[in-house]
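# Remarks on the overall topology
Here is how the chains run, residue by residue.
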Amino acid sequence: MAKSSTSVLWTLSLCLVACAFLCHIPSMFAIILRTKAKIVRINEFEPVELTCLIHFAPTYNLRIEWKKIRNGIPSYVYYRRKIVGDLENRAQLREPANMLIFNATRTDTAEYRCEVANNDGSGEFDEIKMNLEVRVKPMEPQCSVPKAVTVGTAAELQCLENEGFPAPVYRWFRNNEELPQDPKNSLKFMNATYTMNTSTGSLKFHRVRKEDAGKYHCQAKNDAGQAHCPAKLMEVHDVDILAIILKSVGVVIAALFVISSIWCFASRVHASKKARNENEKAIFFKKGQNENIVGLSAQNDGVDDDKADEGNFIHNPSFII
């Protein structure tokens, strides 16, 4: 009984080993591809080789194609045994199926797919994908530094670079000394009141101190290289009490001038309106007087005519008593 159990266990073990061995043996028509790296990073204008290794194939009569996939849209770069599309005249196929790009540019950043199939129509096929990332060195960043600020006020310095890939990290320097991202972590800068954003290039001073004066420049850096802008001087001035007083006095004088101008204009308008009303009254009064005089004259003329008729009465010669 014990011997039969042992023989059954041995049989099962041999079956498991055989199955495991057979599962790892490819079928006689299978194609298996491999690659050395599924993510390839290279600096711009440098050569790069995308590997498509034919690990197993039942025949040498193979159809090889390469496709570039950018923004989800595939396009051929190797088709019918020649380089086409974006890589034309810039690449070659190396045996057995590797793609060599002579001078990679930023537009070559994409996903690439190597496809290998039997040409005999058996339908055996395999593909392998890899991502190419072409890193671009930053150009000289554009820096904005205020020329002069007053103690206790806020100020912001800005740094911007749009060419680098991947996006650069920004650092600020004062008098060629790098400023720590968090001033609280440095004994020398512990009293500083700035905040630095290494992603956007912003350096904000919440309350400027006299010690913050100096020449500032910004550095943009990524895996492909770095660049910086020319240093610019930021001066820090004390609060000028006299200037503030003079400015306040100037504001008051300007306000008084505006008020007096408005008052004078309003007075002139009122005086003009008053004079016009008086003129209208005078004209109306004079017109009434004239009408009265004309009426009286007409009445007098009528009386005189009657008297004239009476005085000039002539007896008709034909009248006989």
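Analysis parameters
- Residues numbered from 1 in each chain as written.
- Predicted model: local features only at pLDDT ≥ 70, side-chain atom pairs only at ≥ 80, totals over all residues.
- Heavy atoms only, no water.
- Helix = DSSP H or I, 4+ residues; strand = E, 2+ residues; numbered from the N terminus.
- Buried < 20%, exposed > 50% of the residue type's maximum accessible area, 1.4 Å probe, protein only.
- Contact = heavy atoms within 4.5 Å.
- Polar contact = N/O pair within 3.5 Å; in protein donor to acceptor, adjacent residues only side chain to side chain.
- Pairing = 2+ DSSP bridges.
- 1 Å grid on protein atoms, 1.4 Å probe; cavity = no way out; pocket = protein on both sides within 12 Å on 5 of 7 lines; lining within 4 Å.
- Points joined across faces, edges and corners; volume = space filled by probe spheres on them.
- Nonpolar A, V, L, I, M, F, W, Y, C, P; charged D, E, K, R; others polar.
- Salt bridge = Lys/Arg side-chain N within 4 Å of Asp/Glu carboxyl O.
- Disulfide = S-S within 2.5 Å.

It is worth spelling out the overall build of the chain at this point. Across its full length, the chain holds two helices and 21 strands. Counting every position in the chain, which comprises 321 residues, the buried fraction comes to 29%. In the chain, once contacts between residues fewer than 6 apart in sequence are set aside, the share between residues at least 24 apart is 61%.

One can find S202 in strand β18 (residues 202–205). There is a polar contact of 3.0 Å between the side chain of S202 and the side chain of E156. With residues near it in sequence (within four places) discarded, S202 still touches E156, L157, W172, T195, M196 and N197.

Right, let's get into the sheet that holds strand β7 (residues 82–83). Pairing within the open sheet is mixed, and its six strands lie in the order β2-β11-β10-β5-β6-β7. Looking at strand neighbours, the two that pair on one side only are β2 (39–43) and β7, the edges of this open sheet. The pairing of strand β5 (residues 62–70) with strand β6 (residues 73–79) spans five bridges and is antiparallel. When the sheet's bridge partners are listed, K67 is paired in β6 with Y76.

With that out of the way, let us pick up the side chain of N222. By the secondary structure assignment, N222 is in strand β19 (residues 214–222). What makes N222 buried here is its relative accessible area of 10%. Side-chain polar atoms of N222 contact the backbone oxygen of V136, separated by 2.9 Å. For N222, the side chain forms a polar contact with the main-chain oxygen of P166, separated by 3.0 Å.

The space that makes up the largest pocket amounts to roughly 370 Å³. With four residues, the top contributor of residues to the lining of the largest pocket is β5. Class assignment for the residues of the lining of the largest pocket results in eight nonpolar, three polar and five charged.

Moving on, we come to the pattern of salt bridges. When charged atoms on two side chains of opposite charge get close, those side chains can pair. Within this structure, the stated rule accounts for 14 salt bridges. Here K67 makes a salt bridge to E115, at a shortest N to O gap of 3.6 Å. A residue pair is termed long-range when its members are at least 10 positions apart, and K67 in strand β5 and E115 in strand β10 (residues 110–118) qualify at 48 residues. For K67, a relative accessible area of 16% translates into the label buried. Several salt bridges converge on common partners, so that one network encompasses K67, R113, E115 and E127.

Take the state of the cysteines next. One pass over the full model with this rule turns up three disulfides. At a sulfur-sulfur separation of 2.0 Å, the disulfide partner of C52 is C114. The sign of the S-S torsion, about -75°, decides the handedness of the disulfide formed by C52 and C114: left-handed. Of this pair, C52 sits in the loop between β3 (48–50) and β4 (53–56) while C114 sits in strand β10; the two residues are 62 residues apart in sequence, bridging distant segments of the chain. Here C143 connects covalently by a disulfide to C229, the sulfurs 2.0 Å from one another. Residues C143 and C229 share a disulfide whose torsion about the S-S bond is about -100°; that sign makes it left-handed. Here C143 is found in strand β12 (residues 142–144), whereas its partner C229 is found in the loop between β20 (225–228) and β21 (232–237), with 86 residues between them in sequence. By relative accessible area, which is 12% here, C143 ends up buried. Ordinal numbering of bonded cysteines along the chain defines a disulfide pattern of 1-2, 3-6, 4-5.

For the peptide bond that leads from E95 to P96, omega is 0°, which places it in the cis range. Tracing the backbone through its elements, the reader meets P96 in the loop between β8 (91–94) and β9 (98–101). The amide bond that connects F165 to the next residue, P166, takes the cis arrangement and shows omega of -5°. With respect to the secondary-structure elements, P166 resides in the loop between β14 (155–160) and β15 (169–174). Although it is not a glycine, N175 adopts a positive phi angle of roughly 55°. Mapped onto the elements, N175 comes out in the loop between β15 and β16 (177–178). Of note, the phi angle at N176 is positive, near 65°, even though the residue is not glycine. Position of N176 among the secondary structure elements: in the loop between β15 and β16.

Just geometry here; none of it tells us what the structure is for.
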